[in-house]
Amino acid sequence: ALLSNIRAFAETSGDANVYALAQIPAPSTPAPVGPPGQPYELGIGLSQTGAVSLTWKCDNPSGASGTVYEIQRRIGSESFQFLEIAGERSFEDGGIPAGSTGIVYQITAVRGKTRGPAAQFLVNFGTGSSGVSVSDVTDGDIRIAA
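Cut-offs applied
- Residues numbered from 1 in each chain as written.
- Predicted model: local features only at pLDDT ≥ 70, side-chain atom pairs only at ≥ 80, totals over all residues.
- Heavy atoms only, no water.
- Helix = DSSP H or I, 4+ residues; strand = E, 2+ residues; numbered from the N terminus.
- Buried < 20%, exposed > 50% of the residue type's maximum accessible area, 1.4 Å probe, protein only.
- Polar contact = N/O pair within 3.5 Å; in protein donor to acceptor, adjacent residues only side chain to side chain.
- Salt bridge = Lys/Arg side-chain N within 4 Å of Asp/Glu carboxyl O.

> Give me the lowdown on unusual backbone geometry, citing residues and values where you can.
For Q23, which is not glycine, the phi torsion reads 60° and is therefore positive. One can find Q23 in the loop between helix 2 (17-22) and strand 1 (40-46). Of note in this structure, E41 is not a glycine but carries a positive phi near 50°.

Below you can see the structure in the form of structure tokens.
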């Protein structure tokens, strides 16, 4: 209890000398938490209503909390359009214009003011006997199963 009181006094007073006077070691400074990770392994689903469901993985630093994901979309030669901030590693895009054949999604992990590297995924749509489907998803030069 005495150590707790000494530490509490040191924190509230801002006087680091309290530890030396009490002859106890000062608490170590916690190591800074690294930036959020880069999303990868995009999973995709297509509902009968035309909504696209996205899921992904992202390895964030140990001890990091409060990471959210910024989702943007580019159709054709447009600029990226902000869609949403998601608190989970999933998002449903229900606003895709009819006839779109290829969409680039950009997902960035964000924690406070710190941003991880953005990941871009190209989603190509095709038509077959069962209607519109996701024909493939690519991440740079890597093909990911749809």
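> Explain the environment of S47 residue by residue, including any values.
Positionally, S47 belongs in the loop between strand 1 and strand 2 (52-57). Overall, S47 belongs to the partly exposed group, its relative accessible area being 31%. For the pair formed by S47 and G94, sequence separation is 47 residues and the distance between their alpha carbons is 9.4 Å. Side-chain polar atoms of S47 contact the side chain of T49, separated by 2.8 Å.

> I'd like to hear about the pattern of salt bridges, residue by residue, with values.
Counted according to the given criterion, the structure contains 3 salt bridges. Across the pair K57 and E41 runs a salt bridge whose closest N-O atoms are separated by 3.0 Å. Note that K57 is positioned in strand 2 and E41 in strand 1, a separation of 16 residues in sequence. E70 serves as the salt-bridge partner of R115, at 2.9 Å between the closest nitrogen and oxygen. In this pair, R115 sits in strand 7 (residues 114-115) while E70 sits in strand 3 (residues 68-75), placing the two residues 45 residues apart along the sequence.

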